[in-house]
Amino acid sequence: MRFDVVTIFPEFFDTLDISLLGRARRGGTVSWSIHDLRGHTHDRHRTVDDTPYGGGAGMVMRPEPWGEALDGILEGADDPLVIFPSPAGDVFTQSMARELSAESHLVFGCGRYEGIDQRVVDHTAARARTRLVSIGDYVLNGGEVAVVAMLEAIVRLVPGVVGNPESLVEESHEDGLLEYPSYTKPQEWRGMTVPDVLLSGNHRAIAEWRHQASVERTRRVRPDLLPPE
Ligand SMILES: Nc1c(O)cccc1[N+](=O)[O-]
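Residues numbered from 1 in each chain as written. Predicted model: local features only at pLDDT ≥ 70, side-chain atom pairs only at ≥ 80, totals over all residues. Heavy atoms only, no water.

A. Here's a closer look at the sheet that holds strand 6 (residues 105-109). As summarised here, the arrangement of the five strands in space is 2-1-6-5-7, forming an open sheet in which the pairing is parallel. Only two strands of the sheet have a single neighbouring strand rather than two, namely strand 2 (31-36) and strand 7 (129-134). Strand-to-strand twist of the sheet, defined as the mean angle between neighbouring strand axes without regard to direction, takes the value 30 degrees. Pairing between strand 5 (residues 81-91) and strand 7: seven bridges, direction parallel. (Pairing = 2+ DSSP bridges. Helix = DSSP H or I, 4+ residues; strand = E, 2+ residues; numbered from the N terminus. Axes fitted to C-alpha atoms, helices over the stretch in contact; angles between N-to-C directions.)

Next up, the structure:
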């Protein structure tokens, strides 16, 4: 998989080289480029925003730098999917992460201020598959945090990135349920012990306990995830 990110804070993505994504990049499974939007401005102050038509507080990101930045990425690209993180987007879920992990080229456009001039999204949608995606109903200062979160969820599902694919199966949201509680050594810690069934070696009983624990945790914390009864 290849991905490109357009942002006014390219340094925000320096952390991508840490941990899983960095290993995937060094292994050749994933590649990426971070594009500084200000590199596509041509005035002395490298201006990326301006006042909104119709008035109102805040500033809107100008279309020209975005058009030039996306031209450089999209021209000659092979059917990329462009994603603009936005509170107005489709909610990002594990199933969307799995769907996006099958893409060969993702392009992320990080808005700031009051957002990007709408014509940028409209123009992009006329030349490439384009989606607005939200990571949640709260206010962020820009799309960068959302892109890092989405990349963490997406890239780990790209074949060859995670050493043991089995570890991807029993995870929260993967089967529609929250993950069961986990324990490791020591067997007793500050007077608290590990559920006996996990020490039994009875794999069927352990699997049943874990499934029941997932269902009970999901029913308690996220009943909305459970199928209608
Ligand atoms: N929620 C939000 C925002 O306030 C700004 C940019 C992106 C998002 N989001 O992806 O959820």
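Right, picking up where we left off after that structure.
B. Seen up close, the site of the ligand. Every residue lining the ligand is accounted for by Pro85, Ser86, Pro87, Val133, Ser134, Ile135, Gly136, Tyr138, Val139, Leu140, Gly142 and Ala146. Residue Val133 places a main-chain N or O atom 3.5 Å away from an oxygen atom belonging to the ligand. In this structure, Gly136 approaches the ligand through a main-chain N or O atom, which is 3.4 Å from an oxygen atom. Summarising the interface, the protein chains cover 93% of the accessible area of the ligand, which totals 290 Å² for the free molecule. A molecule is said to occupy a pocket when more than half its atoms come within 2 Å of that pocket's grid points, and by this definition the ligand occupies the largest pocket. Secondary-structure elements contributing two or more residues to the shell around the ligand are strand 5 and strand 7. If you tally residues by element for the shell around the ligand, the top one is strand 5, at three residues. Here the residues of the shell around the ligand sort into eight nonpolar, four polar and no charged. (Near = heavy atom within 4 Å. Polar contact = N/O pair within 3.5 Å; in protein donor to acceptor, adjacent residues only side chain to side chain. Areas by Shrake-Rupley, 256 points an atom, 1.4 Å probe, with all protein chains shown as cover. 1 Å grid on protein atoms, 1.4 Å probe; cavity = no way out; pocket = protein on both sides within 12 Å on 5 of 7 lines; lining within 4 Å. Sits in = over half its atoms within 2 Å of the grid points. Nonpolar A, V, L, I, M, F, W, Y, C, P; charged D, E, K, R; others polar.)

C. Spatial organisation of the pairing of strand 5. As defined by bridge partners, strand 5 adjoins strand 6 across three bridges and the pair is classed as parallel. Paired with Leu81 across the two strands is Leu106, which belongs to strand 6.

D. View of the packing of aromatic side chains. The final tally for this structure, using the stated rule, is three aromatic pairs. Seen in terms of ring centroids, Phe12 and Phe13 are 5.8 Å apart; in terms of plane orientation they differ by 55 degrees. Their pairing is tilted. Taking the relative accessible area as the measure of exposure, Phe12 reaches 32% and is therefore partly exposed. Classification of Phe13 as buried rests on a relative accessible area of 3%. (Phe/Tyr/Trp six-rings, centres within 6.5 Å; stacked < 30°, edge-to-face > 60°. Buried < 20%, exposed > 50% of the residue type's maximum accessible area, 1.4 Å probe, protein only.)

E. Representation of a nonpolar patch on the surface. A grouping of Phe9, Phe12, Tyr138, Leu140 and Val145 is seen on the molecular surface, where their side chains present a nonpolar patch of about 410 Å² in accessible area. Along the chain, the position of Phe9 falls in the loop between strand 1 (2-7) and helix 1 (19-26). (Patch = residues over 30% accessible without salt bridge, like charges linked within 9 Å, V, L, I, M, F, W, Y side chains within 5 Å. Salt bridge = Lys/Arg side-chain N within 4 Å of Asp/Glu carboxyl O.)

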